[in-house]
Amino acid sequence: MPQDSTAANLLALNQKLLNAIFAADWKTYEQLCDPTITCFEPEAKGHLVSGMAFHRYYFDLGASKSAVNVTMAEPHVRVVGDVGIVSYVRLVQKLGPDGSPITAQCEETRVWQRQGDSWRHVHFHRSLP
């Protein structure tokens, strides 16, 4: 598969993953992620989290009641063999407590691994500014 089409595929999968997160769509998230996924994220307070159980808690809380738009700003894709690394600033547009629109941001790096004929999300690192 040519590099450009691989990058486009990884960006589309990554956007699908982000949409699933904000829709609290566990079924899609579970299909995209390897069960042994690892991460560093602010909610983990500096600890490496392994597996899906930690993430399931947030999905069980349900989706936001207000409209949310998620954008990957300036995404960068690097493919090394069967691994794809997607880095970007995640912008989340939503309504604040007073009903006015706000935009939140964080920096993310997501690692995808080709497993057979498909890509699975295997690790991510998310930082707040």
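Computed from a predicted structure; not experimentally measured. Here the residue numbers are simple positions, counted from 1 along each chain's written sequence. Selection of residues for local features in this predicted model requires a pLDDT of at least 70, selection of side-chain atom pairs for listing and counting requires 80 or more, and totals for whole chains, interfaces and linings are taken over all residues. Note that the side-chain values use all heavy atoms of the structure and ignore hydrogens as well as water.

**Student:** Can you help me understand the pairing of strand S5 (residues 101–115) in this one?
**Tutor:** Two faces, one strand: in a regular strand the side chains alternate between the faces of the sheet. At least two bridges found by DSSP between two strands are what make those strands a pair. Only DSSP runs of H or I reaching four residues or more are called helices, and only runs of E reaching two or more are called strands; each is numbered from the N terminus. Here strand S4 (residues 83–95) runs beside S5; their pairing, made up of 13 bridges, is antiparallel. Considered in S5, the bridge of arginine 90 is made with cysteine 106. Pairing of S5 with strand S6 (residues 118–127), which is carried by nine bridges, proceeds in the antiparallel orientation. Bridging from a neighbouring strand, tryptophan 112 pairs with histidine 121 of S6. Between S5 and S6, which pair antiparallel in sequence order, lie two residues; one of them, glycine 116, sits at a positive phi of approximately 70°.

**Student:** Could you clarify how one ought to interpret the layout of surface pockets in this entry?
**Tutor:** One water molecule sets the probe size; rolling that probe over the atoms shows where empty space is left. In this structure, the largest pocket encloses a volume near 640 Å³. In terms of lining residues, the largest pocket is bounded by 25 residues, among which Ile21, Phe22, Glu43, Arg90 and Arg126 are the most central. When residues of the lining of the largest pocket are traced back to their parent elements, those giving at least two are helix H1 (3–23), helix H3 (53–60), S4, S5 and S6. For the lining of the largest pocket, the element with the most residues is S5, which contributes five residues. Ten residue types, Ala, Val, Leu, Ile, Met, Phe, Trp, Tyr, Cys and Pro, are classed as nonpolar, four, Asp, Glu, Lys and Arg, as charged, and the remainder, Gly among them, as polar. Residue classes in the lining of the largest pocket are distributed as 14 nonpolar, four polar and seven charged. We place a 1 Å grid over just the protein atoms. Points where a 1.4 Å probe fits but has no way out form a cavity, open points with protein on both sides within 12 Å along at least 5 of 7 lines form a pocket, and any residue with an atom within 4 Å of a point lines it. Grid points are joined across faces, edges and corners, and a volume is the space filled by probe spheres set on the points.

**Student:** What exactly am I supposed to notice about the side chain of glutamate 41 here?
**Tutor:** With respect to the helices, strands and loops of the structure, glutamate 41 is situated in the loop between strand S1 (33–40) and strand S2 (49–50). Throughout this description, a polar contact denotes any pair of N or O atoms lying within 3.5 Å of each other; where both atoms belong to protein, one of them has to be capable of donating a hydrogen while the other can accept it, and for residues adjacent in sequence the pair is counted only when both atoms sit in side chains. Polar contacts involving the side chain of glutamate 41 include one to the side chain of arginine 126, which spans 2.6 Å. What glutamate 41 contacts, discounting residues up to four positions off in sequence, is Gly46, Phe54, His55, Phe124 and Arg126. The contact criterion used is simple: two residues touch if any of their non-hydrogen atoms lie within 4.5 Å.

**Student:** How do you make sense of unusual backbone geometry when you look at a structure like this?
**Tutor:** Glycine aside, residues mostly have negative phi angles, and peptide bonds mostly take the trans form. One non-glycine residue, lysine 45, lies in the positive phi region at around 55°. Structurally, lysine 45 is set in the loop between S1 and S2. Under the scheme applied here, a residue whose accessible area is under 20% of the maximum for its type counts as buried, over 50% as exposed, and between as partly exposed, the area being computed with a 1.4 Å probe on protein chains only. Residue lysine 45 is classed as exposed on the basis of its relative accessible area, which comes to 68%. Of note in this structure, glutamate 74 is not a glycine but carries a positive phi near 45°. With respect to the helices and strands, glutamate 74 occurs in strand S3 (residues 69–80).

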